[in-house]
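Examining the three-dimensional arrangement
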Amino acid sequence: MAALNIASDLIDVADGLEALTLRRAASNVETQIAHALRRPISKNESASSGGVVLLSDVRFHLPAAELPTAPAANDKLIDSAGRTWNILHVKSATCATRWECLCRAE
């Protein structure tokens, strides 16, 4: 039986992980993130937000092990296709093992 390791479970068990680049708004410093998970916004979440969250927005989950300092609103995530996503909101998730970032395409 595999032991639960909440700190690495996102990297070890999630399918569809992708590499991203985080560009800090304050300094333009870039950090590579090898194991990000992109999740779509649900119709219910968008509808209940009063227009704050759009169906075209996405939520990226970034492992804290790869990014010890939290991203901030207005930082950018650049995906492997070169698309830039503006971070709107960040929160700590899963016992502080990942950053959950609500993002909108530029």
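Residues numbered from 1 in each chain as written. Predicted model: local features only at pLDDT ≥ 70, side-chain atom pairs only at ≥ 80, totals over all residues. Heavy atoms only, no water.

**Looking at the environment of Lys76**
Along the polypeptide, Lys76 turns up in strand S4 (residues 76–78). It is 8.6 Å that separates the C-alpha atoms of Lys76 and Cys103, two residues lying 27 residues apart in sequence. Among all residues touching Lys76, those that are not within four sequence positions of it are Thr21, Leu22, Arg23, Thr84, Trp85, Asn86 and Glu106. Only 3.0 Å separates the side chain of Lys76 from the side chain of Asn86, close enough to count as a polar contact. (Helix = DSSP H or I, 4+ residues; strand = E, 2+ residues; numbered from the N terminus. Contact = heavy atoms within 4.5 Å. Polar contact = N/O pair within 3.5 Å; in protein donor to acceptor, adjacent residues only side chain to side chain.)

**Overview of the nonpolar core**
Ranked by size, the top nonpolar core spans 15 residues in total, and within it Ile33, Phe60, Leu62, Leu77 and Cys103 carry the most contacts. Contributing elements (two or more residues each) for this core: strand S1 (18–23), strand S2 (30–40), strand S3 (58–63), strand S5 (84–93) and strand S6 (98–105). What Phe60 contacts, discounting residues up to four positions off in sequence, is Glu18, Leu20, Leu37, Arg38, Leu77, Trp85, Trp99, Glu100, Cys101 and Cys103. (Core = buried A, V, L, I, M, F, W, Y, C linked by side-chain atoms within 4.5 Å. Buried < 20%, exposed > 50% of the residue type's maximum accessible area, 1.4 Å probe, protein only.)

**Things to note about the confidence of the model for the chain**
Averaged over the chain, the pLDDT score is 89; the fraction of residues at 70 or greater is 86%. Ranking the helices and strands of the chain by mean pLDDT puts S4 first, with 98, and helix H1 (residues 9–13) last, with 47. Note that residues 5–13 has pLDDT below 50 and, in this model, 16 contacts with residues that lie over four places away or in other chains. (pLDDT = per-residue confidence, 0-100.)

**What to know about the pairing of S2**
When S1 meets S2, the two strands line up antiparallel, connected through five bridges. Directly across from Arg23, in S2, lies its bridge partner Glu30. Inspection of the sheet shows S2 paired to S3 by four bridges, in the antiparallel sense. Across the sheet, Pro40 pairs through a bridge with Val58, a residue of S3. (Pairing = 2+ DSSP bridges.)

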